[in-house]
Amino acid sequence: MIHITDWSTDVCGLRYLIMHECERLKSIMKLIEKACNRVGRDPEEVTLLGASKTVPPERIRAFYGCGLRTFGENRVQEFLKKYEALAGLTIDWHFIGRLQTNKVKHLVGKVSLIHSLDRVSLAEEIQKRAQKADLVQRVLIEVNMGGEETKGGVSPKEVFGLFTHIQNLPNLKVEGLMTIPPYRENQEEVRPFFRGLRELKEELEHRFGVRLKHLSMGMSHDFEVAIEEGATIVRIGTMLFGERN
Ligand SMILES: *Cc1c(COP(=O)(O)O)cnc(C)c1O
């Protein structure tokens, strides 16, 4: 049971639970379960991804010890260091940051899912590297739902063109969509962006006659609303690991 005294509020209004790693993980899993219950979803459908940028390997190891298996990194160099340092663990690594084409070669074969595919040139490079490694790289298309210039992702209109192009790349498998919506203090104001991403996924499924498994959406301050709108992967940093400096 979470009591209000278990929460500390930082200047940005983000929530951080002051408790031991495993207890904190458990509390977040509870919140995920509750959000699922509110809309009749099975909590098994939702993967908690630890967004571990700036978090040292030893803290990742601690959360691994608590049972967390999925971690996502934003920077290729930082990822490679942690990948090496934690090579003995069976971590399911994802890549969630903006990706330069010339860095793709470092990721293929090491990350199971790339969340940030946002252009044809990147898709073609992933195709090339995945073919070379004789594997199929799973990807999500990142969509810039808020139309913010500072963020990556294609516009909702551009998704269809990019998706069409990827259909011709045999070593790429699009498994869904990802978004980083605009920050809003009030979770309810983020809901339309999450709903929009779900509707976009449904339209893709309808137009192309495919099933897309994933909606990667929701971070520390808005993951509960994201789950209510259909998120299958929530990317949580601050609430798990604490404030980044
Ligand atoms: C840092 C990051 C997160 C986690 O953000 P928090 O607000 O700390 O939970 C999620 N997704 C992406 C792409 C990130 O870069």
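Note that the coordinates shown come from a computational prediction; the quantities given were computed from them, not determined experimentally. (Residues numbered from 1 in each chain as written. Predicted model: local features only at pLDDT ≥ 70, side-chain atom pairs only at ≥ 80, totals over all residues. Heavy atoms only, no water.)

## Brief notes about the overall build of the chain
Now for step 1: Helix and strand counts for the chain come out as 9 helices and 10 strands.
Now for step 2: The C-alpha atoms of the chain give 18 Å as radius of gyration, which agrees with the globular expectation for 245 residues (18 Å, within 12%).
Now for step 3: C-alpha atoms of the chain, sized along the principal axes, occupy 55 × 40 × 35 Å.
Now for step 4: Counting the 245 residues in the chain, one finds 51% classified as buried.
Now for step 5: Counting contacts in the chain only where the partners sit at least 6 residues apart, residues at least 24 apart contribute 60% of the total.
Now for step 6: Accessible surface, the chain as shown: approximately 11,700 Å² in total, 50% of it carbon and sulfur.
Now for step 7: Between the mean site of the 36 positive side-chain charges and the mean site of the 34 negative ones, the chain shows a separation of 4 Å. (Helix = DSSP H or I, 4+ residues; strand = E, 2+ residues; numbered from the N terminus. Rg over C-alpha atoms; globule rule 2.2 N^0.38 Å. Buried < 20%, exposed > 50% of the residue type's maximum accessible area, 1.4 Å probe, protein only. Contact = heavy atoms within 4.5 Å. Areas by Shrake-Rupley, 256 points an atom, 1.4 Å probe, with all protein chains shown as cover. Lys, Arg positive; Asp, Glu negative; His and termini not counted. Charge placed at Lys NZ, Arg CZ, Asp CG, Glu CD.)

## Examining the UniProt feature "modified residue: N6-(pyridoxal phosphate)lysine" (unreviewed entry) in the chain
Now for step 1: In the UniProt entry, the feature "modified residue: N6-(pyridoxal phosphate)lysine" (unreviewed entry) is given for Lys 53.
Now for step 2: Every residue in contact with Lys 53, bar those within four places of it in the chain, is listed here: Gly 72, Glu 73, Asn 74, Glu 78, Lys 82 and Arg 244. (UniProt positions renumbered as here; feature names shortened; annotations may be inferred.)

## Some points on the site of the ligand
Now for step 1: The full set of residues close to the ligand is Ala 51, Lys 53, Asn 74, Ile 96, Ile 180, Met 219, Ser 220, Arg 235, Ile 236, Gly 237, Thr 238 and Arg 244.
Now for step 2: Within the side chain of Asn 74, a nitrogen or oxygen atom sits 2.7 Å from an oxygen atom of the ligand.
Now for step 3: The separation between an oxygen atom of the ligand and a polar side-chain atom of Thr 238 is 2.5 Å.
Now for step 4: Compared with its free state, where it exposes 380 Å², the ligand has 93% of that area covered by protein. (Near = heavy atom within 4 Å. Polar contact = N/O pair within 3.5 Å; in protein donor to acceptor, adjacent residues only side chain to side chain.)

## Examining the UniProt feature "domain: Alanine racemase N-terminal" (unreviewed entry) in the chain
Now for step 1: Residues annotated in UniProt with the feature "domain: Alanine racemase N-terminal" (unreviewed entry) correspond here to residues 61-244.
Now for step 2: Secondary structure within residues 61-244 divides into 37% helix and 18% strand; the distance between the first and last C-alpha atoms comes to 18 Å.

## Looking at the packing of aromatic side chains
Now for step 1: Applying the stated criterion across every chain yields a total of 5 aromatic pairs.
Now for step 2: Between Phe 71 and Trp 93, the aromatic rings sit 6.2 Å apart at their centres with planes inclined by 50 degrees, giving tilted as the arrangement. Of the two residues, Phe 71 is situated in strand β4 (residues 70-73) and Trp 93 in strand β5 (residues 92-95); the sequence distance between them amounts to 22 residues. By the burial criterion, Phe 71 is buried, and Trp 93 matches it.
Now for step 3: Considering the side-chain rings of Phe 79 and Tyr 83, the 5.4 Å spacing of their centres and the 50 degrees angle between planes classify their relative orientation as tilted. (Phe/Tyr/Trp six-rings, centres within 6.5 Å; stacked < 30°, edge-to-face > 60°.)

## A word on the pattern of salt bridges
Now for step 1: A full pass over the atoms with the stated rule returns 22 salt bridges.
Now for step 2: Across the salt bridge formed by Glu 78 and Lys 82, the nearest N and O atoms sit 2.7 Å from each other. Of this pair, Glu 78 and Lys 82 both sit in helix α3 (residues 76-85), separated by 4 residues, roughly a single helical turn.
Now for step 3: Residue classification places Lys 82 among the buried residues on the basis of a relative accessible area of 4%.
Now for step 4: Members of the salt-bridge network, linked through shared partners, are Arg 38, Glu 188, Arg 191, Arg 195, Arg 198, Glu 202, Glu 228 and Glu 229. (Salt bridge = Lys/Arg side-chain N within 4 Å of Asp/Glu carboxyl O.)

## Notes on the state of the cysteines
Now for step 1: Enumeration according to the criterion identifies 1 disulfide in this entry.
Now for step 2: Through a disulfide, Cys 22 is tied to Cys 66; the S-S separation comes to 2.1 Å. Judged by the sign of its S-S torsion, about -80 degrees, the cystine formed by Cys 22 and Cys 66 is left-handed. One end of the pair, Cys 22, is in helix α1 (residues 21-38); the other, Cys 66, is in the loop between α2 (57-65) and β4, and 44 residues separate them in sequence.
Now for step 3: Look at Cys 22 and you get partly exposed, because its relative accessible area is 27%.
Now for step 4: Residue classification places Cys 66 among the partly exposed positions, given a relative accessible area of 22%. (Disulfide = S-S within 2.5 Å.)

## Some thoughts on helix α7 (residues 191-208)
Now for step 1: Between its first and last C-alpha atoms α7 spans 26 Å; for 18 residues at 1.5 Å apiece the expected length is 26 Å, and the two agree.
Now for step 2: In this structure, the buried side of α7 is in contact with α6 (159-166), β8 (172-178), β9 (214-216) and α8 (223-228). (Expected span 1.5 Å × (residues − 1).)

## Quick notes on helix α5 (residues 120-132)
Now for step 1: End to end, α5 covers 18 Å across 13 residues, agreeing with the expected 18 Å (1.5 Å per residue, within 8%).
Now for step 2: Along α5, the residues that are buried comprise Leu 122, Ala 123, Glu 125, Ile 126, Gln 127 and Ala 130.
Now for step 3: On its buried face, α5 is in contact with α4 (104-107), β6 (113-117), β7 (137-142), α6 and β8.
Now for step 4: Looking one or two residues past α5, Asp 134 carries a phi angle of roughly 55 degrees, positive in sign.

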